[in-house]
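# Structural overview for review
This is what each chain is made of:
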Amino acid sequence: MSSYPALLGTAVLLLTAVPAHAASDPASVVPAHAPRTMILHGQHDAFREYCLHGEGADTWARIKRDLDERFMGEPFPAEPVTYGDPDPATRDTYKADKWRHAQDVCGRVAGLAEAAALAWRVTGEERYLEKAREFLLKASTWHFDPDWRSGDVPGATDIEYNDEANFRLWRKLPLVYDQIRDELTEAERRQILDHFRIRGTRTVEWIRASNIAGLKRNSLEVEPRSHPVRFMAMVGLTALALWDDLPELAHDWWAFAYTFYRDQFSPFGGDDGGWAEGNAYWRGTFEHAIFQDALLAIGDPLAYASPFWKNTPYFAVYNVQPYLHTIFGDASNAGHFNLEPVVAEYLRHLGRVQQDGYLITYASLVDDPRTPPSKMGLGKLDRTYPTAAEFLIRNFIGSAFPLPEPRPLSELPPYRYFSDIGWVSMHSALGDPANDIHITFKSSPYGSYSHSHADQNAFILNAYGEGLAINSANREFHRSPHHQHWTWQTRSKNAVLIDGLGQKSQDKHATGKITRFEVGDRYALATGDARVAYNTLQPFDKVKRATRDLVFIDQRYLVIRDVVHIADGATLAWRLQAEQSQGWDNLRQTGFILGEKATLTTKFISPDHEWAATITDRYPVPIDPRYFNGETYTWVTARWRNHVTLNLESMATARRYVIYAVLWPEKNGLPARHLDATLEDGVLIVHRPDGKVDQIHLSDTDCRIE
């Protein structure tokens, strides 16, 4: 039985039993007494019991062990210094290392102070209080507004210089202060608050300068910047922590953050729970969830109450497998993503808060050798985000809810359309990754903006435990030459090129749209229209039509139809990406992707045109050799690889193209035998490897399979 106080129990009832009514006056939900963050006023005994004898005992024991054995004797580090022009456009491989180093130092400082403050709250031992006090005081001597042109000078943690370093400090240190405030002398409080006044003001001004106040939910009408959006949670939490200490600032910060989450969140998605930047950046919703947890802890029914929060866990359920595979959008793990332990624990928390047994089941699928937050202790602290201590607080809040019974994912629909961002996901065996065929298709109104790529009408196909038709999307550091000139570009996708050109990168106007999504007795169908996106690199509205239909038949194989119309004619290239092995049989017009666990056989049908096939395993701009060779960024669990591209290009220009492709994945690394398909009077006849024959009638208005 949870020992969490009655206040949170009230929040549970409000969340689960009645419709939410967010406060019209944000200040009305702020508790009367500090602390208002982490361990709230009146919750000390309950938290201590949770850590020593409750659900959090094992996690707490590991945190305390690491704190005692590895961190209590650690001296306060030197303040990070500048490393030249901070503009990301000037960043090279060596500067990226220094940029990350500043973040790592900040993560270590804030994480150690956080753990020490919590250890003092649980044990009452003065040595922990003194450690938290030491780090808090010394961090409050660091500098702002560095003159980086004069050389390597202190101040590299200023938000204007390295916003991620500032983020790692500011999201924690005011919360540490909130816990130990009463143990500080007046002079110590004054020193810390003078620093907080400057850091907090500079942080909020930097965020406001991105026009956060103008953002709209599920819209690029006003362009959201990824980092300011992610930083809004800490604006709210630092406001709660400093409510009494800096009231003239904190009350304004709280109203700013509260109204953002009540009225505007998320600009990158909507009620369907999608996240336009992709799954790796959806992962950052656990930062936004910190604000929701704070609301939950103070008893505000706004917490987790919107349709977005109900549905966004399913953006992971339908698009992220337990094994490493590629995804749409930027991904820092050598272009791959998977159900990481930290994400699994986050989803387990959401499943508990929302009483959703499907999320509990999905979280249990995690198959990653990395240690989950509940068991990792303090880890290295520098690159650990979120920390185990954060999850300890999060899980303490969640302990007020009973753990729901797991429910089988097979009960869910195998197909899901995230209409807010233009993604469609299809599965043959949702929740059974070893037997699942998984297709993701994208044609998005968000274009190639922010961490999205120029990939309208592109698809990804994973099957039987591995990626087969992939998104070739390595990213060593943001805006690296490879990232800009390969990963961002349409040529790195399973998509078409027109006269060798794709869609404009980093452009919100390079949009697509899903024009059709339907499910029949034997199929799921999605149609995307990418004409607008292709015209961003073509003159005079040259592309008159660029549509792609995906038909997933019998949850066994995929049919693609591309229809492209071009004024004055052009060549067309049809491209397919693979991890490390592709082959092409020109006589049969058939391609083969050979994986370690599965294969993908692709029959290409376009009888009105002749095509030339080329296969290459070299990028036009190579991966940075320091990353490729493991000299730096060694934490990655995926491999930096030269992916393999099949390019089928028309041998003459034409005004109109109709292309069919039949993609048949097979288990156990054996290529599909006897896959064939012909086009007869507009009907696609597929001779399947399992001996069956399908006649597919596919038009702009109809889909029938006989």
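Predicted model, so just to flag it, every value in this text is computed and none were measured.

Basis of the calculations
- Residues numbered from 1 in each chain as written.
- Predicted model: local features only at pLDDT ≥ 70, side-chain atom pairs only at ≥ 80, totals over all residues.
- Heavy atoms only, no water.
- Buried < 20%, exposed > 50% of the residue type's maximum accessible area, 1.4 Å probe, protein only.
- Helix = DSSP H or I, 4+ residues; strand = E, 2+ residues; numbered from the N terminus.
- Pairing = 2+ DSSP bridges.
- Axes fitted to C-alpha atoms, helices over the stretch in contact; angles between N-to-C directions.
- Salt bridge = Lys/Arg side-chain N within 4 Å of Asp/Glu carboxyl O.
- Patch = residues over 30% accessible without salt bridge, like charges linked within 9 Å, V, L, I, M, F, W, Y side chains within 5 Å.
- Areas by Shrake-Rupley, 256 points an atom, 1.4 Å probe, with all protein chains shown as cover.
- Lys, Arg positive; Asp, Glu negative; His and termini not counted.
- Charge placed at Lys NZ, Arg CZ, Asp CG, Glu CD.
- Polar contact = N/O pair within 3.5 Å; in protein donor to acceptor, adjacent residues only side chain to side chain.
- Contact = heavy atoms within 4.5 Å.
- Parallel < 35°, antiparallel > 145°, perpendicular 65-115°, else oblique.
- Left-handed = near helix turned anticlockwise from the far one by under 90°.
- Phe/Tyr/Trp six-rings, centres within 6.5 Å; stacked < 30°, edge-to-face > 60°.
- pLDDT = per-residue confidence, 0-100.
- Core = buried A, V, L, I, M, F, W, Y, C linked by side-chain atoms within 4.5 Å.
- Expected span 1.5 Å × (residues − 1).

### A closer look at the pairing of strand E15 (residues 590-594)
- Among the five residues of E15, four are classified as buried, and the element is accordingly described as predominantly covered.
- Where strand E14 (residues 582-585) lies against E15, four bridges are found, and the strand directions are antiparallel. Each residue of the ladder has a partner; that of Gln582, found in E15, is Ile593.
- Between E14 and the antiparallel strand that follows it, E15, lie four residues; Gln589 among them carries a positive phi value of about 50°.
- Summarising the sheet, E15 and strand E16 (residues 598-605) pair through five bridges and their orientation is antiparallel. Counted as the bridge partner of Gly591 is Thr602 from E16.

### Points about the sheet that holds strand E22 (residues 693-698)
- With antiparallel pairing, the four strands of this open sheet are ordered in space as E20-E21-E22-E23. Strand pairing shows two members of the sheet lacking a second neighbour, strand E20 (676-680) and strand E23 (703-705), which therefore form its edges. Direction aside, the axes of adjacent strands within the sheet are offset by 20° on average.
- Summarising the sheet, E22 and E23 pair through three bridges and their orientation is antiparallel. By the bridge assignment, His697 is partnered in E23 with Arg704.

### Here's the deal with the pattern of salt bridges
- Enumeration according to the criterion identifies 60 salt bridges in this entry.
- A network of salt bridges, in which partner residues are shared, links Glu114, Arg171, Lys172, Glu287 and Glu390.

### A look at a negative patch on the surface
- Side chains of Asp145, Asp147, Glu160 and Glu205 sit close together on the surface and give a patch of like negative charge.
- If you trace the backbone, Glu205 turns up in helix H8 (residues 186-208).
- A relative accessible area of 53% places Glu205 in the exposed class.

### Concerning the side chain of Thr312
- If you trace the backbone, Thr312 turns up in the loop between helix H14 (307-311) and helix H15 (313-319).
- Note on Thr312: relative accessible area 0%, which makes it buried.
- For Thr312, the side chain forms a polar contact with the side chain of Trp282, separated by 2.9 Å.
- If sequence neighbours within four positions are ignored, Thr312 has contacts with Gly273 and Trp282.

### Here's the deal with the packing of helix H16 (residues 341-353) against helix H18 (residues 388-398)
- Packing of H16 against H18 brings their axes to within 9 Å, and their N-to-C directions diverge by 20°. Relative to H18, the element H16 is oriented roughly parallel. Here H16 runs over H18; the crossing is left-handed. Of the residues in H18, those touching H16 at Val342, Glu345, Tyr346, His349 and Arg352 are Phe391, Arg394, Asn395 and Gly398.

### Quick look at the packing of aromatic side chains
- Summed over the entire model, instances satisfying the criterion amount to 40 aromatic pairs.
- Ring geometry for Phe286 versus Tyr346: centroids 5.8 Å apart, planes at 85°, classification edge-to-face. Taken as a pair, Phe286 in helix H13 (residues 285-298) and Tyr346 in helix H16 lie far apart in primary sequence, 60 residues in all. In terms of burial, Phe286 and Tyr346 fall into one category: buried.
- Ring centres of Trp486 and Tyr619 lie 5.4 Å apart, and the angle between their planes is 55°; on these two criteria the pair is classed as tilted. In this pair, Trp486 sits in helix H19 (residues 481-487) while Tyr619 sits in the loop between strand E17 (611-616) and helix H21 (625-628), placing the two residues 133 residues apart along the sequence.
- A relative accessible area of 9% places Tyr619 in the buried class.

### Things to note about the confidence of the model for the protein
- Per-residue confidence for the protein averages 95 on the pLDDT scale, and 97% of its residues sit at or above 70.
- Confidence drops under pLDDT 50 across residues 1-20; counting only partners more than four residues distant or on other chains, this segment forms 34 contacts.

### Looking at the sheet that holds strand E8 (residues 496-498)
- Read across the open sheet, the four strands follow the order E8-E13-E18-E17; overall the sheet is antiparallel. The open sheet terminates on both sides in strands that have one partner only, identified here as E8 and E17. Adjacent strand axes in the sheet meet at a mean angle of 20°, parallel and antiparallel pairs treated alike.
- By the bridge criterion, six bridges tie strand E13 (residues 572-578) to strand E18 (residues 644-650) in an arrangement that is antiparallel. Note on E18: the bridge partner recorded for Trp574 is Leu648.

### Brief notes about the nonpolar core
- Phe196, Leu242, Trp254 and Phe459 are the most contacted members of the largest nonpolar core, which totals 191 residues.
- Looking at this core, the element that brings in the most residues is helix H4 (residues 93-123), giving 14 residues.
- Beyond its immediate sequence surroundings of up to four residues, Phe196 is in contact with Leu136, Trp170, Leu173, Pro174, Tyr177, Thr201, Leu242, Leu246 and Trp253.

### A word on unusual backbone geometry
- That bond from Phe265 to Ser266 is cis: its omega, 0°, falls within 30 degrees of zero.
- Tracing the backbone through its elements, the reader meets Ser266 in the loop between helix H11 (247-263) and helix H12 (279-282).
- The amide bond that connects Tyr385 to the next residue, Pro386, takes the cis arrangement and shows omega of -10°.
- Within the secondary structure, Pro386 is located in the loop between helix H17 (357-363) and H18.
- The phi torsion at Asn218 lies on the positive side, around 55°, for a residue other than glycine.
- Along the chain, the position of Asn218 falls in the loop between H8 and helix H9 (226-230).
- Assessed through its relative accessible area of 30%, Asn218 is described here as partly exposed.
- One non-glycine residue, Ala334, lies in positive phi territory at about 50°.

### A few points about H4
- In a regular helix each residue adds 1.5 Å, so 31 residues correspond to 45 Å; H4 covers 44 Å between its end C-alpha atoms and thus fits that length.
- Where burial is concerned, most of H4 is hidden: 25 out of the 31 residues are buried.

### Focus on the environment of Phe196
- Examined against the element boundaries, Phe196 turns out to sit in helix H8.
- Through-space distance from the C-alpha of Phe196 to that of Gln580 is 51 Å; in sequence the pair is 384 residues apart.

### Structural notes on the environment of Asp368
- Residue placement: Asp368 occurs in the loop between H17 and H18.
- For the pair Asp368 and Pro413, spaced 45 residues apart in the sequence, the C-alpha separation amounts to 26 Å.
- If we skip the residues at most four places from it in the chain, Asp368 touches Asn338, Leu339, Glu340 and Pro341.
- Within the structure, Asp368 has its side chain in polar contact with the side chain of Asn338 (distance 2.9 Å).
- Among the polar contacts made by the side chain of Asp368, one reaches the side chain of Arg370 at a distance of 2.7 Å.

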